[in-house]
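# Structure at a glance
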Amino acid sequence: MRLLAGLTAAALSGLAAAASQQTADVYILTANQQSSSETPSIPKEVARHILLQRASRQPYGSDLRDIPSSTDTETAVSHIARFGTGPEPLFSQSDKTNVPQLVVILEGVTYQQSHDLKDALSQAGHPAAFRVSDAPSAAANKNLMTLFRQLGSAPSQPCDLAHALNPANEECWSGVSSVVNYDLQKASSTYSALLASLPQINKLVAASDLEVTLLVLPDSTRSSKINSWSTLAVNPTNNRRRDFGERVITDSTVVWPAPSTPTRSAKVNIQKKAIPACFLSLDACKEATNDCSGHGTCVNKFGTGNATLSDARACFACKCMATVVRRGDEPGTSGKKTAHWGGNMCQKKDVSVPFWLITSFTITIVGAVTFAIGLLFSVGQEQLPGVIGAGVSRGASK
């Protein structure tokens, strides 16, 4: 009887351990890290939408038709809004609204590696954002990477981690987002490189020059019987939640046209819209930013000197300077105007100081006029003193 009880307890503990290993931790490294007392568990379909939203180069939108009926739609939307990239402000022209997004998918992670990585990230102030409750198999991850390549977010060739951490590297980046995948059982050095690169990652994240989403998949998920990140996305005909005929982004059935080689003018327009936050060399920074639009200079943010292309730690960016415009062509003419510039190419004129001056002056004038009118009105409503009233009445009686 005791033997049977012992075997039952061992079997139950083994099943519990196997079930716990099927969960995958997701870390989201941002400058504005949200602290939470508990780590929520999210279905793989919702986690897939979060990854697609963070890696999307355009405003991401989906009808969420592939969310299973067991998951509440409002809860799924709240998770996507919380862990996805925030919406761009309507009126602000901040330089950090288009932060490069890097999604790193780690497969074949052992328990010890997962534990050490969790401790290292927690000490740096980046605990796990959420967990994927039902992490799929390696085949599903392969289909997901195929989808990212079709969307243009993942490089077509394997990319080294040191290069993936630099948004200016053209081998791993072709826009404002990149998705890379590493199997630690085949490339064990990647894990050591990741731990060694954590200080550099923390600097880039703290400066809002990069945001990293790290998906840690245990080695036990390789043999998972779940073969897709979204069953309803792979088989859209099985979805009966909504029947409006919208197209769903699938993991394997979408065929996207091959990207054409842009012309020189198109490259210039792309660089103006999505200029990288860091460049590997001084010459690359000057060429891509047109020498900071003539309103600044390219400097190395995390070092000194002119780094070479092989220096992965170099981060050249524009340092904007004020320009002075004198009024009048004759020497010694009085009057000058100072213009301040911003943006990752120093192409945006900073009008915040004149705006606040005009706004504060207008508010002050309106407040002063309102106070004066109110004071006159209150004085006019007061009654005359009794002495003056008595003198007036005595004069009238005579």
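Small disclaimer: the values here were computed from a predicted structure and weren't measured.

## Comments concerning the packing of helix α7 (residues 189–196) against helix α8 (residues 198–206)
Look at α7 against α8: their axes get within 5 Å of each other, and the N-to-C directions meet at 50°. Put simply, α7 runs oblique to α8. Taken together, the residues of α8 that come into contact with α7 (itself represented by L194, L195 and A196) are L198, P199 and I201. Considered class by class, the residues forming the contact of α7 with α8 number six nonpolar, no polar and no charged.

## A look at helix α5 (residues 138–150)
Every α-helical turn comprises 3.6 residues, leaving residues that sit three or four positions apart pointing alike. When the terminal C-alpha atoms of α5 are compared, their 19 Å separation across 13 residues agrees well with the 18 Å that a helix rising 1.5 Å per residue should span. Within α5, burial applies to A140, N141, L144, M145, L147 and F148. The buried residues of α5 all sit within an arc of 155° when viewed along its axis, so they share a single face. In this fold, the buried residues of α5 make contact with α2 (44–55), β3 (101–109), β5 (177–183) and β6 (211–218). Positioned one or two residues after α5, G152 has a phi angle of 85°, which is positive.

## Description of the packing of aromatic side chains
Enumeration according to the criterion identifies two aromatic pairs in this entry. Considering the side-chain rings of F83 and F130, the 4.9 Å spacing of their centres and the 50° angle between planes classify their relative orientation as tilted. Taken as a pair, F83 in helix α3 (residues 73–83) and F130 in strand β4 (residues 130–132) lie far apart in primary sequence, 47 residues in all. The exposure class of F83 is buried, given its relative accessible area of 5%. On the basis of an interplanar angle of 70° and a centroid distance of 5.3 Å, the ring pair of F355 and W356 is categorised as edge-to-face. Looking at W356, the relative accessible area reads 56%, which means it is exposed.

Cut-offs applied
Residues numbered from 1 in each chain as written. Predicted model: local features only at pLDDT ≥ 70, side-chain atom pairs only at ≥ 80, totals over all residues. Heavy atoms only, no water. Axes fitted to C-alpha atoms, helices over the stretch in contact; angles between N-to-C directions. Helix = DSSP H or I, 4+ residues; strand = E, 2+ residues; numbered from the N terminus. Parallel < 35°, antiparallel > 145°, perpendicular 65-115°, else oblique. Contact = heavy atoms within 4.5 Å. Nonpolar A, V, L, I, M, F, W, Y, C, P; charged D, E, K, R; others polar. Expected span 1.5 Å × (residues − 1). Buried < 20%, exposed > 50% of the residue type's maximum accessible area, 1.4 Å probe, protein only. Arc of directions from axis to C-beta. Phe/Tyr/Trp six-rings, centres within 6.5 Å; stacked < 30°, edge-to-face > 60°.

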